[in-house]
Amino acid sequence: DQQVKQNSPSLSVQEGRISILNCDYTNSMFDYFLWYKKYPAEGPTFLISISSIKDKNEDGRFTVFLNKSAKHLSLHIVPSQPGDSAVYFCAASAVRGNKLVFGAGTILRVKS
Amino acid sequence: GAVVSQHPSWVICKSGTSVKIECRSLDFQATTMFWYRQFPKQSLMLMATSNEGSKATYEQGVEKDKFLINHASLTLSTLTVTSAHPEDSSFYICSAVGQGAWGNQPQHFGDGTRLSIL
């Protein structure tokens with residue numbers, strides 16, 4: 001039972017344009033959502049998060065949007081840079097202090 | 001800040017060997033550490049949660065006698081894969097959460113350990 005889904009295995013974007021990575025979840029108990037970036041043979045790096053009481057959180061080039069009614073969140077990267085090329089994981093947790101459930105990841109390639 | 005170090009980064013050993021992986025929080029005290037496993041082209045799957053000074057909580061399907069976890073201090077947790085077999089070959093990653101973090105998030109990850117059992 002995949003509670004967190006990233007339906008796009010990969011995304012290719014031109015440098016300078018916007019990258020939009022999508023994530024859907026099924027568990028209505030999830031109340032905290034995170035995005036991680038991962039390079040091969042390295043651990044994930046925390047990017048940005050959002051709690052269920054908000055619908056938007058912005059940090060520099062990264063913005064996360066949360067649509068609770070649709071159980072959908074997205075990560076916007078603008079402008080995209082070649083160094084952003086990596087695997088992006090969406091993760092969610094239910095109830096403070098609980099474990100993270102990860103999506104399968106989306107490979108982002110930013111072309112220069 | 002929030003640096004997590006994992007050692008070793010790569011292990012190759014014979015079947016039947018026990019392998020210990022260390023996870024250290026370098027610049028903060030970690031009240032909780034998590035151990036994950038990742039198969040090729042798949043997501044991270046939580047194996048167990050460990051709190052300093054108490055027994056680890058294992059996820060369903062994870063053999064606690066196979067994967068021994070010790071969290072003896074606020075900066076160190078270890079995962080020992082006992083009597084490893086080829087099917088245990090995988091990428092193991094730890095994460096840590098500091099005191100005062102909101103709801104155990106965000107978790108900060110080590111760089112992982114590639115375990116290959118021959």
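In short, a report on the structure. The model shown is predicted, which means the values in this text are computed figures rather than measured ones.

1. Description of the pairing of strand β9 (residues 86-94) of chain A
All names here are of chain A.
And then number 1: In terms of residue burial, β9 counts as a mostly covered element, since eight of its nine residues are buried.
And then number 2: One ladder, built from eight bridges, connects strand β4 (residues 30-38) with β9; its direction is antiparallel. Paired with Tyr36 across the bridge in β9 is Phe89.
And then number 3: As judged from the three bridges shared by β9 and strand β11 (residues 106-111), these two strands associate in the antiparallel manner. For Val87, the partnering residue across the bridge sits in β11 and is Ile107.
And then number 4: Where β9 and strand β10 (residues 100-102) come together, three bridges link them in antiparallel fashion. Its bridge partner lying in β10, Ser93 is registered against Leu100.

2. Side note on the pattern of salt bridges
And then number 1: Under the definition given, this model contains four salt bridges over all chains.
And then number 2: Put simply, Arg24 of chain B and Glu22 of chain B hold a salt bridge, and the shortest N to O gap is 3.4 Å.

3. Concerning the interface of chain A and chain B
And then number 1: Taken together, the contacts link 19 residues of chain A with 19 residues of chain B.
And then number 2: Both sides together, the interface formed by chain A and chain B hides about 1,600 Å², and carbon and sulfur atoms give 62% of it.
And then number 3: On inspection of chain A and its partner chain B, the count reaches one salt bridge.
And then number 4: Its salt-bridge partner being Glu59 of chain B, residue Lys99 of chain A comes within 2.5 Å of it at the nearest N-O pair.
And then number 5: Applying the counting rule to chain A against chain B returns five residue pairs in polar contact (both at pLDDT 80 or more).
And then number 6: Residue assignment for the side of chain A that touches chain B shows that the elements contributing at least two residues are β4, β9 and β10 of chain A.

4. Topic: the environment of Ile12 of chain B
All names here are of chain B.
And then number 1: Within the secondary structure layout, Ile12 lies in strand β2 (residues 10-13).
And then number 2: Judged by relative accessible area, Ile12 falls into the exposed class, the value being 55%.
And then number 3: Each C-alpha atom, one on Ile12 and one on Leu118, is 7.2 Å from the other, the two residues being 106 residues apart in sequence.

5. Comments concerning the sheet that holds strand β3 (residues 19-25) of chain B
Residue and element names in this part refer to chain B.
And then number 1: The four strands are arranged β1-β3-β8-β7 in an open sheet whose pairing can be described as antiparallel. Here the strands that pair on one side only, and so sit at the sheet edges, are β1 (4-7) and β7 (67-73). Within this sheet the neighbouring strands show an average axis-to-axis angle of 15°, counted without direction.
And then number 2: Both β1 and β3 contribute to a ladder of four bridges, which runs antiparallel. When the sheet's bridge partners are listed, Ser5 is paired in β3 with Arg24.

Cut-offs applied
- Residues numbered from 1 in each chain as written.
- Chains lettered and ligands numbered in written order.
- Predicted model: local features only at pLDDT ≥ 70, side-chain atom pairs only at ≥ 80, totals over all residues.
- Heavy atoms only, no water.
- Buried < 20%, exposed > 50% of the residue type's maximum accessible area, 1.4 Å probe, protein only.
- Helix = DSSP H or I, 4+ residues; strand = E, 2+ residues; numbered from the N terminus.
- Pairing = 2+ DSSP bridges.
- Salt bridge = Lys/Arg side-chain N within 4 Å of Asp/Glu carboxyl O.
- Contact = heavy atoms within 4.5 Å.
- Buried area = accessible area lost by both parts, 1.4 Å probe.
- Polar contact = N/O pair within 3.5 Å; in protein donor to acceptor, adjacent residues only side chain to side chain.
- Axes fitted to C-alpha atoms, helices over the stretch in contact; angles between N-to-C directions.

Remember, this is a structural readout, not a statement about activity or role.
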